[in-house]
Every structure is written in C-alpha cells, then in structure tokens.
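# Survey of secondary and tertiary structure
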Amino acid sequence: TNLPMDANYGVYGFLAGKDLGRFLDEYTPNLHFLGRIRMSSFVDAQQVILHWALALQGRTETGASLSDGSFDESVYLSAYGKDPLFHFFQVFFFVAKLHLYFTFEMYPEALEAARRAQEAAYTLEGTIWPVLLDFWAGLTLASIDAASDPGGRPPSAAIERSRASLRARAEGCPENFRTAYLLLSAEAARIEGRQLEAMELYDEALGRESLRDGVAT
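The shown structure was predicted, so the numbers you read here are calculated from the model rather than taken from an experiment. Residue positions are given per chain, counted from 1 along the sequence in the order it is written. Two thresholds apply to this predicted model, a pLDDT of at least 70 for residue-level local features and 80 or more for giving and counting side-chain atom pairs, whereas whole-chain, interface and lining totals are computed over all residues. Heavy atoms throughout the structure, all of them, feed into the side-chain values; hydrogens and water do not.

## Re the side chain of Gln47
Here is the rule we go by: Secondary structure elements follow DSSP: runs of H or I of four or more residues count as helices, runs of E of two or more count as strands, with numbering from the N terminus. Should any heavy atoms of two residues lie within 4.5 Å, those residues are considered in contact.
Here Gln47 lies in helix H4 (residues 40-56). Discounting chain neighbours no more than four positions away, the residues touching Gln47 are Leu31, Ser70 and Phe71.

## With respect to unusual backbone geometry
In most cases, non-glycine residues show a negative phi, while peptide bonds are predominantly trans. Even without a glycine there, the phi angle at Glu105 is positive, about 60°. With respect to the element layout, Glu105 can be found in the loop between helix H6 (87-103) and helix H7 (107-120).

## Comments concerning the confidence of the model for the protein
The predicted coordinates ought not to be read in detail in places where the model reports low pLDDT. Put simply, the rule is: The predictor's confidence in any single residue is recorded as pLDDT, a number from 0 to 100.
Residues at a pLDDT of 70 or more form 90% of the protein, whose mean pLDDT is 87. Scored below 50 in pLDDT, residues 1-5 shows 15 contacts in the model against residues more than four places distant or in partner chains. Contacts of residues 213-217 to residues separated by more than four positions or lying in other chains number 14 contacts, the stretch itself having pLDDT below 50.

## Notes on the packing of aromatic side chains
How we decide: Here the aromatic set is Phe, Tyr and Trp, taking the six-membered ring for Trp, and pairing holds for ring centres within 6.5 Å; pairs whose planes are under 30 degrees apart are stacked, those over 60 apart are edge-to-face, and all others are tilted. Burial here depends on accessible area, computed with a 1.4 Å probe over protein chains only, as a share of the maximum for the residue type. Under 20% is buried, over 50% is exposed, and the range in between is partly exposed.
Taken as a whole, this structure holds 19 aromatic pairs when the rule is applied. Taking the centre distance of 5.5 Å and the plane angle of 50° together, the rings of Phe42 and Phe89 count as tilted. Of this pair, Phe42 sits in helix H4 while Phe89 sits in helix H6, and the two are 47 residues apart along the sequence. Pair check on accessibility: Phe42 and Phe89 agree, each one buried.

## Regarding the packing of helix H2 (residues 20-27) against helix H3 (residues 29-36)
The condition that has to hold: Where helices are involved, their axes are fitted lines through C-alpha atoms of the stretch in contact, as for all axes, and angles between N-to-C directions lie from 0 to 180°. Each angle is binned into one of four classes, with values under 35 degrees roughly parallel, values over 145 roughly antiparallel, values of 65 to 115 roughly perpendicular, and all other values oblique. When residues are grouped by polarity, Ala, Val, Leu, Ile, Met, Phe, Trp, Tyr, Cys and Pro land in nonpolar, Asp, Glu, Lys and Arg in charged, and all others, Gly among them, in polar.
Running from N to C, H2 and H3 point in directions that differ by 25°, and their axes come no closer than 5 Å. The angle between H2 and H3 falls in the class roughly parallel. The segment H2 lies against H3, with Leu24, Asp25, Glu26 and Tyr27 engaging Pro29, Asn30 and Leu31. When its residues are assigned to classes, the contact of H2 with H3 shows 4 nonpolar, 1 polar and 2 charged.

## Observations concerning the nonpolar core
Here is the rule we go by: Grouping buried Ala, Val, Leu, Ile, Met, Phe, Trp, Tyr and Cys residues that are joined through side-chain atoms within 4.5 Å yields what is termed a nonpolar core.
By size, the foremost hydrophobic cluster in this structure holds 63 residues, and its most contacted members are Trp52, Val95, Trp129 and Trp136. Leave out the neighbours within four places in its chain, and Trp52 touches Val11, Phe14, Leu66, Val95, Ala96, His99, Leu100, Trp129, Leu132 and Trp136. If you look at the next biggest cluster of nonpolar residues, it comprises 7 residues, including Leu182, Ala198, Tyr202 and Ala205.

## Some thoughts on helix H9 (residues 157-172)
The cut-off we apply is this: Expected helix span is given by 1.5 Å per residue-to-residue step, counting one fewer step than there are residues. Directions from the helix axis toward the C-beta atoms define the arc.
In this model, H9 (16 residues) spans 23 Å end to end at C-alpha, consistent with the 22 Å of a helix rising 1.5 Å per residue. The set of residues buried in H9 consists of Ile159, Ser162, Arg163, Leu166 and Ala170. Along the axis of H9, the buried positions cluster into a sector of 95°, meaning they face one direction only. Among the exposed residues of H9, those pointing more than 90 degrees away from its buried face are Ala157, Arg161, Glu171 and Gly172. Structurally, H9 contributes buried residues whose contacts are with helix H8 (129-148) and helix H10 (174-191).

## Some thoughts on the environment of Glu160
Among the structural elements, Glu160 can be located in helix H9. Overall, Glu160 belongs to the partly exposed group, its relative accessible area being 29%. Beyond its immediate chain neighbours, meaning those up to four positions away, Glu160 contacts Pro155 and Ala188.

## Some points on the packing of H9 against H10
Stated precisely, the cut-off is as follows: Handedness of a crossing is defined here by the sense of rotation of the near helix relative to the far one, left-handed for an anticlockwise turn of less than a right angle and right-handed for a clockwise turn.
Look at H9 against H10: their axes get within 8 Å of each other, and the N-to-C directions meet at 150°. By the criterion of interaxial angle, the relationship of H9 to H10 is roughly antiparallel. Between H9 and H10 the crossing geometry is left-handed. Residues Ile159, Glu160, Ser162, Arg163, Leu166, Arg167, Arg169, Ala170, Glu171 and Gly172 of H9 pack against Pro174, Phe177, Arg178, Ala180, Tyr181, Leu184, Ser185, Ala188 and Ile191 of H10. Looking at the contact of H9 with H10 residue by residue, the class counts come to 10 nonpolar, 3 polar and 6 charged.

So this is what it looks like as structure tokens:
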C-alpha cells in the first residue's frame, strides 16, 4: 500500500512516476489515512505534493499556483510559514513553488522561492529535498544567465555551488543523481559558449533517462 507517514514518500512517488493521473489516484487516499491517525500537519504536506501534480495538469487557479477549491496556499503559509518548528513544512512548499515557477519561466519568483527554501533546507538534510533545491535553483540561475548574456561568460558562483553539490552526490550515487548533474553541467557549458560540450552532456543525460525504469537517475 501507499500510506506514507510524511511528504518524503509522496514526493518520491511524484518524481519516480511517469503518469500524474495515476500518481494522484494512488496517493490521494493518503489524506484520509493521515487524517484518521490525526496527523493533520502531514495531511497539509501531502496536499502540497498532490497540488504540485494538479498544477502541472493545469487544474489549479493558475499555472504556478497550488491553490484550488480544496487547498489554499495562503492558509498553508499562515500555518507553517514562520514558526521554526515547522521549517521542514516550508521546504516542501517552496521547493514545489520553485519548480512550478521555473517551469512557467517566472524566474524572479523562482529565485525568491529558492531563497525561502534554502533558509529551512537544513532541516531536511539527507533527504531528496536539498537535491531538488540545488537542481532547480541551478537551472533557474542558468536560464537567467543564458538570457542575459548568451554564450560568453562563466557560470555564476551560485550555479557552480549547485553543480558542486550535485557532483558530490552523483559521485556517491550516480544512479540517483548523475542525470541532474549532467543537465546542470550542460547548462553551464551553454552559458560559456561551449555548445558542442553542452550537446554531449544533454545527450548523455537523455541516454541515462531512456534506460531508466521509473527511477530517477
């Protein structure tokens, strides 16, 4: 069964799956289970993950919004947005928002979401959340750099920090993290104008993904 006790399990299902509809069908029942055992905070955290998927399906108020008739971002933030005891609930929210803002090319908003997630990321070291933060924040910065000065300067120090973090993880577990490292490295090469190297890195990343079977590599 899929009865997670926290949002880490939900996000693994979200990331590893290939069908958002199936993910929603399989994980929405968790809300009832978590409510039945009186874990209301984790109900809210699961709502973030589920509404992340709904947003990608175009089923929330706007493309980058998590809100709809059953979930309100402002209510979630008022409950978990300031209290240090709930910092890890902030990471769930702001990493999801980072990804959505990046997807819809809302880069200033993505950077602010990354900043807010980074403030609390220490609470979830050893989980997938800091990895997602490094990856999508790095891609956001790369998109900004590429647009402002295409093909002519070194990547920013912030991009290199994200890339170094992903490289260390990829060296320890390439099956899980090398694709993310390759993609950010390809973006760094593109910024510097090393187009051939960038294409080779993209190709390697795509090749790894073509071999995967529901497992992020």
